[in-house]
Amino acid sequence: MGDTLEFNDIHTEVKGSWNDGRLRFSKQSVVYKSHKTGKVDSIPAPELSAAQWRRVCVGHGIKLATSTGHVYRYDGFKDTVSKISAFFKSNYKVELAEKDMCVKGWNWGTAKFTGSLLSFDVNDSPVFEIPLASVSQCATGKNEVTVEFHQNDDAEVSLMEVRFYVPPNTGDDGSDPVEAFAQNVLSKADVIQATGDAVCIFKELQCLTPRGRYDIRIYPTFLHLHGKTFDYKIPYTTVLRLFLLPHKDQRQMFFVISLDPPIKQGQTRYHFLILLFSKDEELSLALNMSEDEVEKRYEGKLSKNMSGPLFEIVSRVMKALVNRKITVPGNFQGHSGSQCITCAYKASSGLLYPLERGFIYVHKPPVHLRFEEISCVNFARGTTTTRSFDFEIETKQNNQYTFSNIERSLPSRQGMKGAEGYSDSDEDQHDAYLERMKEEGKIREEGDGSDESEGDSDESFNPGEEDDDVPEEYDSNASVSDSEADDGDSEEESKKKKPEKKPKKVVKEKKERKPRKEKKVKDPGAPKRPMSAYMLWLNGNRERIKSENPGISVTEISKKAGEMWKQLSKDRKEEWDRKAAEAKKQYEKAMKEYRESGGGAAPVTK
């Protein structure tokens, strides 16, 4: 038997939604990596205390319990219990017990709390299990406990709440069973309650997403954003990654917090929290804890009194409380010396940062792409000018991201002398159109010069000749009028002195009308032209689009079909391309037979 076992397409439930990923059993640990978020769960082998194998709705599943009280569930296995059981025995010294789920449909049983899991059992067989981390609130009533759940936008169907009826009998110590049940739920639930004082508070931080200035209160399990209009509470369990990115101007810093699930405001979802700091802004901070408490809880990552640049203090505190590494730009350096690229995404200008394992774009809208989820990239010529290009990324889920208007930076001529054969193709290419326009311009200039030398019957305005003595309003010498300068001249005499301008004669050349082209009329007996691959696909899917979108108009059908065709996979498009090519061959064959039979010899005209 090998040192590792790997399984693909293994599912785990995250707040009501199935996330698939890859699971690996090794001698040292159990590692699960989510395909959606890239988040890694690692369980050290010495911490494994129990393992169960059971049949679930999507094949078989395994439940792992640790000595620290955590429970992990992974589903989607095929019937490989013997292989996994032998691996667990030899490497983890843990017995893989087989346990059947109860499918009787009974609603009366026993509630068992095991670590962070609530199991509802009937005759010692589990009916269903509730991860207490998915619980958002727990309320009590008379003989009743109501458990509410966090909502997830990725879940097709959301479970809002579950109610448990608790019989009215007191415990051995005289305690209320309803309150005891609720306390067991709340002790492990992900309930956000601002109990106690905040560890520290950052005042008036500039936030780009969501936009505004917020006071950020740091609590042991969550952070609280308090603004003038909105408040947000973000549990640290929803934080995926932390980024610290220098601005292109080298005077500011971005601090980005990636969230899953996102924070909500109405219908708006914020997957990223983006803070903007000035490098010059300093802060002295004192944590609301004693030095012994800080040392015990954060193990030297923080100290009670800290001072320095504001962005460093915030990032240091967040790293310690969230327990996540901070990602910074990699070794990439642009032509201007910055670690980012100025570009545009969805008509908004921003900055694209190449990282060691992906790309991140800030800030509107923020985008983070990991290398492992990218299927291909493409460098395309800019649509508006040859001085820029577009960077296109396509993911394995067929999502496309286009970062446009990226400036092309060419090396200087001095730097290019030593690099033989390296030049811009557009620069060395002969432009025939430009040469032709230059020649036409020379001919036109020569023609204009010959006309002037022969003399023109029309008079033109020549400054400096007959009107040179007429002062204008903005002429500095026009302080005295002609009538004031010549005291003895009357107005009539002054008019005689000035020669009258002759009106210009404009001669228009009559252009001969070109005879109208005769329109060709289609031959009704000729074979019909073949349809393109898109039209063949549209005719085959039109009824399906109508049935899926009741009441859709003709124009909306075309728009919807265009979007669906664009998202169609390459293999499916090639299938319709083959059908279109076959239709074209049949058309050419039919057209040949039609002409040989005498059809289409003399086109009909109007």
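Please read all numbers here as calculations on a predicted model, not as lab measurements.

Caption draft 1: Broad picture of the overall build of the chain. Helix and strand counts for the chain come out as 12 helices and 31 strands. When burial is assessed residue by residue, the chain has 33% of its 606 residues classed as buried. Across the chain, the fraction of contacts at a sequence separation of at least 24, relative to all contacts at a separation of at least 6, is 43%. Split by element, the accessible area of the chain, about 40,700 Å² in all, is 48% carbon and sulfur.

Caption draft 2: Looking closely at the nonpolar core. With 41 residues, the main nonpolar core has Phe202, Ile218, Phe255, Leu302, Val314, Val317 and Met318 as its most contacted residues. Here the element with the most residues in this core is helix 4 (residues 310-322); it accounts for 9 residues. Contact partners of Leu302, with chain neighbours within four places excluded, come to Leu287, Val294, Arg316, Val317, Ala320 and Leu321. Counting residues in each nonpolar core, the second largest holds 23 residues, with Leu23, Ala45, Trp53 and Val81 among its members.

Caption draft 3: Expanded view of the sheet that holds strand 24 (residues 326-327). Taken in spatial order, the 8 strands line up as 18-17-16-15-21-20-19-24 in an open sheet, and their pairing is mixed. Unpaired on one side and paired on the other, strand 18 (231-235) and strand 24 mark the two borders of the sheet. Here strand 15 (residues 200-209) runs beside strand 16 (residues 212-218); their pairing, made up of 6 bridges, is antiparallel. When the bridges of strand 16 are listed, Ile201 appears paired with Arg217.

Caption draft 4: Structural view of the UniProt feature "coiled-coil region" (unreviewed entry) in the chain. Look at the UniProt record and you will see "coiled-coil region" (unreviewed entry) annotated at residues 566-593. For residues 566-593, the end-to-end C-alpha separation is 37 Å, with 93% helix and 0% strand making up the annotated structure.

Caption draft 5: Region of the structure containing the side chain of Asp75. Among the structural elements, Asp75 can be located in strand 7 (residues 71-77). Buried within the structure, Asp75 lacks any salt-bridge partner; Arg54 is the closest side chain of opposite charge, at an N-O distance of 5.6 Å. Setting aside anything within four residues of it in sequence, one finds Asp75 in contact with Ile10, His11, Trp18, Val56, Val58, His60, Gly61 and Ile62.

Caption draft 6: Main features of the pairing of strand 13 (residues 144-149). As paired strands, strand 12 (residues 135-141) and strand 13 are joined by 6 bridges and run antiparallel to one another. Of the residues in strand 13, the one forming a bridge with Gln137 is Glu148. In this antiparallel pair of consecutive strands, strand 12 and strand 13, the connection spans 2 residues, and Asn143 shows a positive phi of 55 degrees.

Caption draft 7: Seen up close, the side chain of Ser338. Along the chain, Ser338 falls in the loop between strand 24 and strand 25 (341-345). In terms of polar contacts, Ser338 uses its side chain to reach the backbone carbonyl oxygen of Cys340, at 3.3 Å. Setting aside its immediate chain neighbours within four residues, Ser338 contacts Lys248, Gln250, Phe332 and Gln333.

Caption draft 8: Examining empty space enclosed by the protein more closely. As enumerated under the stated definition, the model contains 2 cavities of 30 Å³ or more in all. Phe202, Ile216, Ile218, Leu223, Ile257, Leu273, Leu275, Val314 and Met318 are the residues that line the largest cavity. At the level of elements, strand 16, strand 21 (268-278) and helix 4 are the ones that each hand at least two residues to the lining of the largest cavity. Across the lining of the largest cavity, the residue classes tally to 9 nonpolar, no polar and no charged. Space inside the second largest cavity adds up to approximately 40 Å³. Along its surface, the second largest cavity is lined by Val14, Ser17, Asn19, Lys36, Asn152, Asp154, Asp260 and Pro261.

Caption draft 9: Looking closely at the state of the cysteines. Across all of its chains, the model carries 0 disulfides by this definition. In this structure Cys340 is not part of a disulfide, and its nearest cysteine sulfur, from Cys343, lies 9.1 Å away. On the basis of relative accessibility, which here comes to 4%, the residue Cys340 falls in the buried class.

The rules behind each value
- Residues numbered from 1 in each chain as written.
- Predicted model: local features only at pLDDT ≥ 70, side-chain atom pairs only at ≥ 80, totals over all residues.
- Heavy atoms only, no water.
- Helix = DSSP H or I, 4+ residues; strand = E, 2+ residues; numbered from the N terminus.
- Buried < 20%, exposed > 50% of the residue type's maximum accessible area, 1.4 Å probe, protein only.
- Contact = heavy atoms within 4.5 Å.
- Areas by Shrake-Rupley, 256 points an atom, 1.4 Å probe, with all protein chains shown as cover.
- Core = buried A, V, L, I, M, F, W, Y, C linked by side-chain atoms within 4.5 Å.
- Pairing = 2+ DSSP bridges.
- UniProt positions renumbered as here; feature names shortened; annotations may be inferred.
- Lys, Arg positive; Asp, Glu negative; His and termini not counted.
- Salt bridge = Lys/Arg side-chain N within 4 Å of Asp/Glu carboxyl O.
- Polar contact = N/O pair within 3.5 Å; in protein donor to acceptor, adjacent residues only side chain to side chain.
- 1 Å grid on protein atoms, 1.4 Å probe; cavity = no way out; pocket = protein on both sides within 12 Å on 5 of 7 lines; lining within 4 Å.
- Points joined across faces, edges and corners; volume = space filled by probe spheres on them.
- Nonpolar A, V, L, I, M, F, W, Y, C, P; charged D, E, K, R; others polar.
- Disulfide = S-S within 2.5 Å.

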